[in-house]
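For reference, the chains in residue letters:
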Amino acid sequence: MGILNVTPDSFSEGGKFFTAEEAVEHGLRMAAEGAQIIDVGGESTRPGAESVAADEELSRVIPVIKELRAMIDMTISIDTSKAQVARAAIQAGASIVNDVTGGRKDDKMMPLVAENKSAFIVMHMQGTPQTMQLQPRYDDVVSEVADFFRQQYARAIECGIDPMAIAFDPGIGFGKTLEHNLELLAQLDRLRAHDRPLVVGISRKSFLAKVTGLSEISDRLAPAVGLTSLLRARGADVFRVHDVKENVNALRVTEAVLQKAK
């Protein structure tokens, strides 16, 4: 899953792909590099980020989704927690809704996904982007995230979402300390709910810098790629990344080894 942030304040791009033309160009490049899903987002969810009005979010993502859909035949997801934005994105060509609140922020989100027979990624986040990294606390982070997945799965089924169209993301860095992140990644097997896919987003996250002691964003690529291979071997199914080519090549080698291990 290639990350396409159409925002002026992404923690990693800093607005590099803010214009629709640049965003489409980058999306096409990620597809050429082997991305199977392009995840388009118009609202930054970095720690401390302010919320964006639906109209502004729509103006950022809809032109990009429409243009990508017209130019390439591949899966597009919309990274939003607003049902209004998700509806317009689906109409423009998106088939997956990737909600960082796991369906909690907008009561209309799950019914919308069900109505449109879209896929739904349920992510876990403690708090909001404005508050999530102030003082994250858990008694048992793995158990609590797993319980959240089971609860939201039940809600999704009640709303009519196809169980085979649901995936789960533990939300690395979203209301978690370094230790919380490491615990979740070390115990991925405990997070799988109802045998549904696990989505992991560790690309360019700050916890990589804390582990390595390296502060530059560019220094996070190598550890992220190494972790991608490890997490695939440990059962992760979808990888949400900025650097598609490097991660795709790492996964190709990993898959070749895993096939021989069967």
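For the structure itself, consult the block above.
The structure presented is a predicted model; accordingly, all values stated were derived computationally and were not measured. (Residues numbered from 1 in each chain as written. Predicted model: local features only at pLDDT ≥ 70, side-chain atom pairs only at ≥ 80, totals over all residues. Heavy atoms only, no water.)

Asks: Before we go on, may I ask you to explain the packing of aromatic side chains in this structure?
Replies: Any aromatic ring pair is given by two values, namely how distant the centres are and how the planes are angled relative to each other. Overall, the coordinates contain three aromatic pairs when judged by the stated rule. Ring geometry for Phe148 against Phe149: centres 6.2 Å apart, planes inclined by 50°, an arrangement best described as tilted. Assessed through its relative accessible area of 7%, Phe148 is described here as buried. For Phe149, a relative accessible area of 0% puts it in the buried group. Judged by centre distance (6.3 Å) and plane angle (45°), the ring pair of Tyr153 and Phe168 falls under tilted. In this pair, Tyr153 sits in helix H5 (residues 141-158) while Phe168 sits in strand E6 (residues 166-169), placing the two residues 15 residues apart along the sequence. (Phe/Tyr/Trp six-rings, centres within 6.5 Å; stacked < 30°, edge-to-face > 60°. Buried < 20%, exposed > 50% of the residue type's maximum accessible area, 1.4 Å probe, protein only. Helix = DSSP H or I, 4+ residues; strand = E, 2+ residues; numbered from the N terminus.)

Asks: What should I look at first to understand the sheet that holds strand E4 (residues 96-99) in this one?
Replies: Note on sheets: strands pair through backbone hydrogen bonds, and any given pair is parallel or antiparallel. Read from one edge of the open sheet, six strands run E1-E2-E3-E4-E5-E6, paired in parallel fashion. Lying at the two open borders of the sheet, with one neighbouring strand each, are strand E1 (2-5) and E6. Averaged over neighbouring strand pairs, the angle between their axes works out to 25° when direction is ignored. Where E1 and strand E2 (residues 37-41) come together, four bridges link them in parallel fashion. Bridge assignment links Leu4 to a residue of E2, and that residue is Val40. Running at roughly 155° to E6, H5 makes contact with strand E5 (119-123) and E6 of the sheet. (Pairing = 2+ DSSP bridges. Axes fitted to C-alpha atoms, helices over the stretch in contact; angles between N-to-C directions. Contact = heavy atoms within 4.5 Å.)

Asks: How should helix H3 (residues 83-92) be read in this particular structure?
Replies: Along an α-helix, residues three or four apart share an orientation, since each turn contains 3.6 residues. If you check which residues of H3 are buried, you get Ala83, Val85, Ala86, Ala89, Ile90 and Ala92. Following H3 by one or two positions, Gly93 adopts a phi angle in the positive range, close to 135°.

Asks: Looking at this structure, I do not really get the packing of helix H2 (residues 54-71) against H3. What am I missing?
Replies: Helix-helix packing is described using two parameters, namely the angle between the two axes and the distance between the axes. In the contact formed by H2 and H3, the axes pass within 9 Å of each other and the chain directions differ by 15°. With respect to H3, the element H2 is oriented roughly parallel. You can see that H2 and H3 cross each other, and the crossing is right-handed. Only Gln84, Val85, Ala88, Ala89 and Ala92 of H3 make contact with H2, whose side of the interface consists of Ala54, Asp55, Glu57, Leu58, Val61, Ile62, Ile65, Lys66 and Arg69. (Parallel < 35°, antiparallel > 145°, perpendicular 65-115°, else oblique. Left-handed = near helix turned anticlockwise from the far one by under 90°.)

Asks: Just to check I follow, could you spell out the nonpolar core for this structure?
Replies: The tendency in soluble globular proteins is for nonpolar side chains to be buried as a group. Leu4, Val40, Leu68, Leu191, Ile202 and Leu231 are the most contacted members of the largest nonpolar core, which totals 66 residues. Per-element tally for this core: the top contributor is H5, with eight residues. Counting residues in hydrophobic clusters, the runner-up holds seven residues, among them Met1, Ile37, Ile96 and Val199. (Core = buried A, V, L, I, M, F, W, Y, C linked by side-chain atoms within 4.5 Å.)

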